[in-house]
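# Per-entry structural report
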There are 2 protein chains.
Amino acid sequence: MAKQLNAMGAEVIKRIAVGDEKNAILHTLNTSLKEASIVLITGGLGPTADDITKPLLCDYFGGKMVTNQEALENVKRIFNRRNLPLLEVNLKQAEVPDVCVVLQNPKGTAPGMWFEKDEKVIVAMPGVPHEMMAIMESGVLPALEKRIPKEEIVHRNILTAGLGESFLAARIEAIEKALPPNIKLAYLPGNWMVKLRLTGKGKDAKALTLLVEKFQQQIAEALEAFVIVLEDERLEKILYRDFVALKKTLAIAESCTGGYISHTLTQVDGSSHYFLGGIVSYDASVKENSLSIPKETILQHGTVSEEVTKQMAKQVRLQMKSDIGFGITGWLSQYTDGEINPDAGTVWMAVCDDKMVKTKKFRFTYDRIWNKEVALQMALVLLWKFIHGKEN
Amino acid sequence: MAKQLNAMGAEVIKRIAVGDEKNAILHTLNTSLKEASIVLITGGLGPTADDITKPLLCDYFGGKMVTNQEALENVKRIFNRRNLPLLEVNLKQAEVPDVCVVLQNPKGTAPGMWFEKDEKVIVAMPGVPHEMMAIMESGVLPALEKRIPKEEIVHRNILTAGLGESFLAARIEAIEKALPPNIKLAYLPGNWMVKLRLTGKGKDAKALTLLVEKFQQQIAEALEAFVIVLEDERLEKILYRDFVALKKTLAIAESCTGGYISHTLTQVDGSSHYFLGGIVSYDASVKENSLSIPKETILQHGTVSEEVTKQMAKQVRLQMKSDIGFGITGWLSQYTDGEINPDAGTVWMAVCDDKMVKTKKFRFTYDRIWNKEVALQMALVLLWKFIHGKEN
């Protein structure tokens, strides 16, 4: 919601989460209406007794409940399609306060409700994410767009890896000081990477874009090799685009990340055009049974080793007949069977094609879950560097 | 934070997200202090120019910045361990307002700060999750515990699958109406499952627990076969516990979920004790090359079919020498290569051991990402039912 609202020039000043508790909801509604001209609410519109938002809003705006025919047809259609009997309580989903404009819900039974009071707008939507998104897109955003005074907002990003935020800031100190007051720079650190985000505001979209992009270029040049990409796009989407453009295919063998890299790559629609598949060799036996790595190699070098990781990348590439192979092994937990593991956080990665294999060793310092996150991101960076012929 | 606070009897009335903007932070601080006796703040303590919370709090409480020796030693130790030079700006991380109690940060450079004003407590912590958690555990929670009037809070859950919330509510209407005012029932729907959560409040922990558990039992009996578990624990943790207890091992072959099931199972510490590994056969060729499913079988039945899914479960079990094998294929996207897919949402799953194979077909109705979520949860439910000898 915030992203869409931001893009249309609505400043999101606050996000508040509040329980299904009458006084807390009323208090939040009152204080929010003092600060903001638009208040969007999600959740509490369902059919069970803990869903109190709809009657509460009806009271608040002094209305009474009436059945909305179009919403009723929608409820009947949904239950009919699912072959479910209609309960009394489900029919109630089509009841709405008579003081609101009803926003039909194409993905569920609870309609959205648009209220106005003292020139302020209050919209209630269901909490189920895809239902909320459908109502936002079809009903809320088009109507809000007409009310919001047009201010152009331009975001530009510089995604970096390999340098902490204070070192990045030191390198671009002069550029940051030269930024005009209508352009802000934010440092968004996470997972061993830092995203720098420039946000410009102004009246003239074209001039603003040129200005923000000028600073983006200056920063990118000052940070040189630490820059990965300038788009505001997740790395898995960039990999999809670049692999497809290069007409290369990929197969991966994951040990410590347990399928997380495959999962992330396949979150992108169309990833089947380059991602063939993977082997999750969580147990050492799988490295022998499914990746044909000789027991002797594993015993000689250890499961978490440059040699085994190399073999994983090579073997999965050969087996799945892909252009690029990737392998990863490591110790993510601080403990192994209750004992402190002195090698905790050590992760090896390998990428190969038919000509060469590149490896890299990392030492992460977080807990198991966080180490997995960072390993994922570093794996995506490594893949990106490999297909673009950049140094690790 | 909310979970920990809830458990110690602190009622979390609101969660607010606000940008790095001076007036917005001040306004939020003022209104929050009117409503709450404790305000916890995260983020904005970093070394770059967009981190404004520390100087803002220093002004707000009328203090001046001083270097904290212990925090300074901590910063030096961290940079030394990482072999990084210390910049001026990093030393500033050890500066704190002289009107706060410093809460040392065992995981990072920015210390936490504990302020008091008019008998209210305001604590600022860094925004990086594992740093926040470390300071909460070592500094904030123990100190808060002493201030919070003791009220016992007991939560008990009933996780269900297979019935929508309105149908569940209809089945337990009489029980819900009989709940005393100090016990609340919430319906938490998501991913084709509904979690019912009872929350009881009272003075006598033992009597309260007995009472809440009595209602939990009543609800569980009324819902019979739709109940999966009564613990408040993620299914992957329950599977870990049950597989280990049964001394069974697992291998899985994933197509449409692209590694998500493996990833989720391996989020649990100790999962290597039962989860051997998996094959992500995203492209059809991998089903032949890595799972030895004959091309003819795939051509005859189609990749998304009961037969191919069965073969995936059987083959991965044989190849990885596990007790249980699991397979999943499906069409998650509404579109295949830009064309509407009439079979979108169709997912087949199979589970097998050495004696039998069980299959189940699903038809999910969401988008690609959401369908993947639901498929994951249904896969975990199916595995749980299989090892417990329950009907699909």
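Sequence positions are assigned chain by chain, starting from 1 and proceeding in written order. Key to labels: chains lettered from A, ligands numbered from 1, both in the order written. Where local features are concerned, this predicted model is filtered to residues with pLDDT of at least 70; where side-chain atom pairs are given and counted, the filter is 80 or more; whole-chain, interface and lining totals use all residues. Calculation of side-chain values draws on the structure's entire complement of heavy atoms; hydrogens and water are dropped beforehand.

## Some points on the layout of surface pockets
- Size it by volume and the second largest pocket reaches roughly 710 Å³.
- Lining residues are defined by having an atom within 4 Å of a point belonging to a cavity or pocket. Those points lie on a 1 Å grid over the protein atoms alone, cavities being sets where a 1.4 Å probe fits but cannot get out and pockets being open sets with protein on both sides within 12 Å along at least five of seven lines. Lining the second largest pocket are 23 residues, and of these A:Ile369, B:Lys3, B:Met133, B:Arg234 and B:Lys237 sit closest to its centre.
- Listing elements by their share of the lining of the second largest pocket, those giving two or more residues are helix 15 (368-387) of chain A together with helix 1 (2-7), helix 6 (129-145), helix 10 (235-246), helix 11 (260-265) and helix 15 (368-387) of chain B. Grid points are joined across faces, edges and corners, and a volume is the space filled by probe spheres set on the points. Segments assigned H or I by DSSP are reported as helices when at least four residues long, segments assigned E as strands when at least two residues long, and all are numbered from the N terminus.

## Brief notes about the relation of the copies chain A and chain B
- For this overlay, a least-squares fit was computed on C-alpha atoms, restricted to residues scoring pLDDT of at least 70 in both copies. Superposing chain A onto chain B requires a rotation of 180° together with a translation of 0.0 Å along the rotation axis, leaving an RMSD of 0.0 Å. In short, the pair behaves as if placed about a two-fold rotation axis.
- In what follows, a contact means two residues having at least one pair of non-hydrogen atoms within 4.5 Å. A shared binding surface is used by both copies, with 100% of the interface residues of chain A retained as interface residues in chain B.

## Brief notes about the packing of aromatic side chains
- Each pair of aromatic rings taken from Phe, Tyr and Trp, with Trp reduced to its six-membered ring, is defined by centres within 6.5 Å and is described as stacked if the planes are under 30 degrees apart, edge-to-face if over 60, and tilted in the remaining cases. Inspection of every chain in the model, using the stated rule, returns 20 aromatic pairs over all chains.
- Note on A:Phe61 and A:Phe115: the rings are 4.4 Å apart at their centroids and 10° apart in plane angle, and the pair reads as stacked. Taken together, the positions of A:Phe61 in the loop between helix 3 (53-60) and strand 3 (65-67) and A:Phe115 in strand 6 (residues 112-117) put the pair 54 residues apart, joining distant regions of the chain. Considered together, A:Phe61 and A:Phe115 belong to a single accessibility category, that of buried residues.
- On the basis of an interplanar angle of 55° and a centroid distance of 5.8 Å, the ring pair of A:Tyr282 and B:Phe275 is categorised as tilted. Of this pair, A:Tyr282 sits in the loop between strand 13 (275-280) and helix 12 (284-289) while B:Phe275 sits in strand 13 (residues 275-280), which puts the two residues in different chains.
- Burial here depends on accessible area, computed with a 1.4 Å probe over protein chains only, as a share of the maximum for the residue type. Under 20% is buried, over 50% is exposed, and the range in between is partly exposed. Overall, the relative accessible area of 0% leaves B:Phe275 in the buried class.
- Members of the aromatic cluster, each reached through a chain of ring pairs, are A:Tyr60, A:Phe61 and A:Phe115.
- Both a distance and an angle decide whether a charge sits over a ring: NZ of Lys or CZ of Arg must be within 6 Å of the ring centre and within 35 degrees of the ring normal. Looking at B:Lys214, its charged tip hangs above the ring of B:Phe215, at a distance of 4.9 Å from the centre.

## A closer look at the sheet that holds strand 7 (residues 120-125) of chain B
All names here are of chain B.
- Spatial ordering of the open sheet is given by 2-7-6-5, a layout of four strands whose pairing is mixed. In this open sheet, the two edge strands, each paired with only one partner strand, are strand 2 (38-42) and strand 5 (101-103). Strand-to-strand twist across the sheet, computed as the mean angle between neighbouring axes with direction ignored, equals 20°.
- Pairing between two strands is assigned when DSSP locates at least 2 bridges connecting them. Two strands pair when backbone bridges link them, and strand 2 and strand 7 are joined in this way by five bridges, in the parallel orientation. Opposite isoleucine 41, over in strand 7, you have alanine 124 as the bridge partner. All axes here are fitted lines through C-alpha atoms, helices being fitted over the stretch that makes contact, and every angle between N-to-C directions spans 0 to 180 degrees.

## So, empty space enclosed by the protein
- Applying the stated criterion across every chain, the model contains one cavity of 30 Å³ or more.
- Roughly 70 Å³ of volume is contained in the largest cavity.
- The wall of the largest cavity is formed by A:Lys14, A:Ile16, A:His27, A:Thr31, A:Glu35, B:Lys14, B:Ile16, B:His27, B:Thr31, B:Ser32 and B:Glu35.
- Every element with two or more residues in the lining of the largest cavity is listed here: helix 2 (22-35) of chain A together with helix 2 (22-35) of chain B.
- Among the elements that take part in the lining of the largest cavity, helix 2 of chain B stands out by supplying four residues, more than any other.

## Things to note about the pattern of salt bridges
- Think of a salt bridge as a Lys or Arg side-chain nitrogen and an Asp or Glu carboxyl oxygen that are within 4 Å of each other. Applying the stated criterion to the full structure yields 24 salt bridges over all chains.
- Note that B:Asp354 is salt-bridged to B:Lys355, the shortest N-O span being 3.7 Å. Side by side, B:Asp354 and B:Lys355 carry an identical accessibility label, which is exposed.
- In the salt-bridge network here, residues are joined through shared partners; they are A:Glu231, A:Arg241 and A:Asp242.

## Describing the environment of B:Glu236
All names here are of chain B.
- Note on placement: glutamate 236 falls in helix 10.
- A residue is classified by how much of its surface remains accessible, and glutamate 236, at 6% relative accessible area, is buried.
- Taking C-alpha positions, glutamate 236 is 16 Å from tryptophan 192, a pair spaced 44 residues apart along the chain.
- Each residue touching glutamate 236, except ones within four places of it in the same chain, is listed here: Thr264, Leu265, Val268 and Leu380.
- We define a polar contact as two N or O atoms separated by no more than 3.5 Å, with the added condition that, inside protein, one atom must be a possible hydrogen donor and the other a possible acceptor, whereas residues neighbouring each other in sequence contribute only through side-chain atom pairs. Among the polar contacts made by the side chain of glutamate 236, one reaches the side chain of arginine 234 at a distance of 2.7 Å.

## Looking at a nonpolar patch on the surface
- Surface patches are drawn from residues lacking salt bridges whose relative accessible area is over 30%; two like charges belong together within 9 Å, two nonpolar side chains (Val, Leu, Ile, Met, Phe, Trp, Tyr) within 5 Å. Residue exposure ignores everything except the shown protein chains as possible cover, and the areas themselves are Shrake-Rupley values with a 1.4 Å probe. Together, A:Ile16, A:Val18, B:Ile16 and B:Val18 make up a nonpolar patch on the protein surface, roughly 230 Å² of accessible area in all.
- Along the chain, A:Ile16 turns up in strand 1 (residues 15-17).

## Here's the deal with the confidence of the model for chain A
- For every residue, the predictor assigns a confidence score, pLDDT, that lies between 0 and 100. Per-residue confidence for chain A averages 94 on the pLDDT scale, and 100% of its residues sit at or above 70.
- Across the assembled chains, the prediction reports ipTM 0.88 with pTM 0.88.

## A short note on the interface of chain A and chain B
- Counting from both sides, the interface comprises 66 residues of chain A and, opposite them, 67 residues of chain B.
- Along the contact surface separating chain A from chain B lie two salt bridges.
- The partner of A:Arg368 in a salt bridge is B:Asp269, and the shortest N-O contact between them spans 3.5 Å.
- Connecting chain A to chain B are 40 residue pairs in polar contact (both at pLDDT 80 or more).
- In terms of residue count, strand 13 of chain A provides more of the side of chain A that touches chain B than any other element does, six residues in total.
- Amino acids outside the nonpolar list (Ala, Val, Leu, Ile, Met, Phe, Trp, Tyr, Cys, Pro) and the charged list (Asp, Glu, Lys, Arg) are all regarded as polar, and Gly is one of them. Its residues assigned to classes, the side of chain A that touches chain B shows 30 nonpolar, 23 polar and 13 charged.
- With three bridges joining them, strand 1 of chain A and strand 1 (residues 15-17) of chain B adopt antiparallel strand pairing. From the neighbouring strand, A:Ile16 faces strand 1 of chain B, where its bridge partner is B:Ile16.

## A closer look at the pairing of strand 6 (residues 112-117) of chain B
All names here are of chain B.
- When strand 5 meets strand 6, the two strands line up antiparallel, connected through three bridges. In the sheet register, valine 102 faces strand 6, and the bridge partner there is methionine 113.
- Relative to strand 7, strand 6 runs antiparallel, the two sharing five bridges. Across the sheet, residue glutamate 116 finds its bridge partner in strand 7, namely valine 121.
- In this antiparallel pair of consecutive strands, strand 6 and strand 7, the connection spans two residues, and aspartate 118 shows a positive phi of 50°.

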